[in-house]
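# Chain and residue survey
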There are 2 protein chains.
Amino acid sequence: MAADPRPARSVVSSDQHLEETRVEGARVFDGALLDVRRDVVRLPDGATTIREYIVHPGAVLIIPVLADGRFVVERQFRYPLHRVFLEFPAGKLDAGESALVTAQRELTEETGYIAARWTRLGLIHPTVSYSTEAIEIFVAGDLTHVGRKLDDGEFLDIAEMTSDALLAALDDGELTDAKTVAALLMYLRKHQNRSAPPLGAEGRA
Amino acid sequence: MAADPRPARSVVSSDQHLEETRVEGARVFDGALLDVRRDVVRLPDGATTIREYIVHPGAVLIIPVLADGRFVVERQFRYPLHRVFLEFPAGKLDAGESALVTAQRELTEETGYIAARWTRLGLIHPTVSYSTEAIEIFVAGDLTHVGRKLDDGEFLDIAEMTSDALLAALDDGELTDAKTVAALLMYLRKHQNRSAPPLGAEGRA
């Protein structure tokens, strides 16, 4: 049987009655993008069932903040949903790459900016039921435009929007990308709704 | 080649330069849970590439609001991530089932409540890069406890939390489920930060 590809177990004792344990598992599809697993698991009541899920290398999301407070955002066609989405810049970790290095690489590739200030904002999980994906969220400040260099096969537009404009897009149903909505709330908690230090007081790259 | 399983195309003319078109596609894994596709697509520059993605039946998320304003939330072990998550109740549509009926069914199955008032809050997309999943978000009010009836193989705990407690869990890194964070912001936009009508003024089931 294949090695367990999931993150290390993290279950406090008060949650142990909810835990499922791995009996065996196998890779059932190994594609260009997706690594699909099918595990037999033992449930809390001793019965067994099947869990199928995607093994994901991890991703980053970047909130790039211009000097006037506006965010740099993207419009990108997403093939599975057959439409264009309004999103913060994001991308997957390359093998062996740290989240911060991924964020620095993706920001420049996709938006053409480099940032002198990087602050880690937190972590989200987009699809807890069928993917191991975790997204590290960073705020990028002190931006300088150096020109973008999209990957082959990557096409996207860049725009600048205020937080109020993003919130209006959420209210209108135009902004539906969950990672972007979640990151926006985390940003507003830290930089708008509380007496937290301003952007950049916490770290300089 | 298999029929196109994606949602209907929705691309405005100003975004057509970003669009990718389907050349051919096939199902590459048909599991108990996951339906995995691999399509050849034509990019905006005429080149072709591969897109792999999950075909998902759609899901719902329910924000159950008690008379004192607290939310009913869940703690559930999520196998792919090897840990327990704090989440709003959620679940997948059964074949032919409407989102509202799914929400009503899942609320009772998972939390033991029925709701006399249902309001649709909006739509989010958890994984735009590799899934067709869309999640309809509902607010459930006027709750009555009738006792839960979990699906076979489903184990989860119920708790009651204020919106401030959920926001604190987000600040602390305990709340990382993106659909729950996104739904919380949508709820706060409608019911706290703006002079919107109170919960339930919009529809009664």
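Residues numbered from 1 in each chain as written. Chains lettered and ligands numbered in written order. Predicted model: local features only at pLDDT ≥ 70, side-chain atom pairs only at ≥ 80, totals over all residues. Heavy atoms only, no water.

### What to know about the pairing of strand β1 (residues 21-30) of chain B
All names here are of chain B.
- Pairing analysis gives 8 bridges linking β1 to strand β2 (residues 35-42), with the strands arranged antiparallel. Bridge pairing in β2 links Asp 30 to Asp 35.
- Linking two consecutive strands that pair antiparallel, namely β1 and β2, is a turn of 4 residues. (Pairing = 2+ DSSP bridges. Helix = DSSP H or I, 4+ residues; strand = E, 2+ residues; numbered from the N terminus.)

### So, the confidence of the model for chain A
Residue and element names in this part refer to chain A.
- On average, residues of chain A carry a pLDDT of 92, and 93% of them reach 70 or more.
- Every residue in residues 193-205 is under pLDDT 50, and counting partners more than four places away or in other chains gives 25 contacts.
- Model confidence for the complex: the whole-complex pTM is 0.93, and ipTM, which rates the interface, is 0.93. (pLDDT = per-residue confidence, 0-100. Contact = heavy atoms within 4.5 Å.)

### Describing the sheet that holds strand β6 (residues 83-87) of chain A
Residues and elements named next belong to chain A.
- Pairing within the open sheet is antiparallel, and its 3 strands lie in the order β6-β5-β10. Looking at strand neighbours, the two that pair on one side only are β6 and β10 (156-161), the edges of this open sheet. Between one strand axis and the next, the sheet turns through 25 degrees on average, direction left out of account.
- For strand β5 (residues 71-78) and β10, the ladder comprises 6 bridges, and the chain directions are antiparallel. Across the sheet, the residue bridging to Val 72 is Glu 160, located in β10. (Axes fitted to C-alpha atoms, helices over the stretch in contact; angles between N-to-C directions.)

### So, the relation of the copies chain B and chain A
- Here chain B sits on chain A after a turn of 180 degrees about the axis and a move of 0.0 Å along it, with an RMSD of 0.0 Å. Considering both components of the superposition, the chain copies are consistent with a two-fold axis. Among all residues of chain B, the one whose C-alpha sits closest to the rotation axis is Ala 182 of chain B, at a distance of 2.4 Å.
- Of the residues that chain B buries at the interface, 100% are likewise interface residues in chain A, meaning the two copies contact each other through the same surface. (Least-squares fit on C-alpha atoms with pLDDT ≥ 70 in both.)

### Considering the interface of chain B and chain A
- Every contact between the two is made by 73 residues of chain B and, on the other side, 73 residues of chain A.
- Of the roughly 6,800 Å² buried between chain B and chain A, counting both surfaces, carbon and sulfur atoms make up 64%.
- In terms of surface lost to chain A, no three residues of chain B exceed Tyr 79, His 82 and Tyr 130 of chain B, which account for 13% of the buried area on that side.
- Among the salt bridges present, the one from Arg 189 of chain B reaches Asp 171 of chain A, with a minimum N-O distance of 2.6 Å.
- Here chain B and chain A share 31 residue pairs in polar contact (both at pLDDT 80 or more) between them.
- Of all the elements, helix α3 (residues 178-191) of chain B adds the most residues to the side of chain B that touches chain A, at 8 residues.
- Broken down by class, the residue content of the side of chain B that touches chain A amounts to 37 nonpolar, 13 polar and 23 charged. (Buried area = accessible area lost by both parts, 1.4 Å probe. Salt bridge = Lys/Arg side-chain N within 4 Å of Asp/Glu carboxyl O. Polar contact = N/O pair within 3.5 Å; in protein donor to acceptor, adjacent residues only side chain to side chain. Nonpolar A, V, L, I, M, F, W, Y, C, P; charged D, E, K, R; others polar.)

### Observations regarding the nonpolar core
- Formed by 58 residues in total, the largest nonpolar core has its most connected members in Ile 63 of chain A together with Ile 63 of chain B.
- Excluding anything up to four places from it in sequence, Ile 63 of chain A contacts Phe 71, Phe 88, Leu 121, Ile 137, Phe 138, Val 139, Ala 140, Ala 183 and Tyr 187 of chain A. (Core = buried A, V, L, I, M, F, W, Y, C linked by side-chain atoms within 4.5 Å. Buried < 20%, exposed > 50% of the residue type's maximum accessible area, 1.4 Å probe, protein only.)

### Considerations on the sheet that holds strand β6 (residues 83-87) of chain B
Residues and elements named next belong to chain B.
- Read from one edge of the open sheet, 3 strands run β6-β5-β10, paired in antiparallel fashion. Each edge of the sheet is formed by a strand with only one pairing partner; in this case those strands are β6 and β10 (156-161). On average, each strand axis in the sheet is inclined to that of its neighbour by 25 degrees, with strand direction left out of account.
- Bridge analysis of strand β5 (residues 71-78) against β6 gives 5 bridges, and the strand direction is antiparallel. For Glu 74, the partnering residue across the bridge sits in β6 and is Glu 87.

### Some points on the pairing of strand β2 (residues 35-42) of chain A
Residue and element names in this part refer to chain A.
- For β2 and strand β3 (residues 48-54), the ladder comprises 7 bridges, and the chain directions are antiparallel. Note on β3: the bridge partner recorded for Val 40 is Ile 50.
- Here β2 folds back onto β3, and the loop between the two strands holds 5 residues, one of which, Gly 46, carries a positive phi near 95 degrees.

### Describing unusual backbone geometry
Residues and elements named next belong to chain B.
- Phi at His 82 is positive, roughly 65 degrees, even though this residue is not glycine.
- With a phi angle near 55 degrees, Asp 142 is a residue other than glycine that sits in the positive phi range.
- Accessibility expressed as a relative area gives 35% for Asp 142, which makes it partly exposed.

### What to know about the pattern of salt bridges
- As enumerated under the stated definition, the model contains 40 salt bridges over all chains in all.
- For the salt bridge of Arg 70 of chain A with Asp 68 of chain A, the shortest nitrogen-to-oxygen distance reads 2.8 Å.
- One salt bridge in this structure joins Arg 105 of chain B and Glu 106 of chain B, with 3.2 Å as the shortest N-O distance. Each member of the pair, Arg 105 of chain B as well as Glu 106 of chain B, is classed as buried.
- Here the residues in one salt-bridge network are Asp 94, Glu 97, Arg 105, Glu 106 and Glu 109 of chain A, joined through shared partners.

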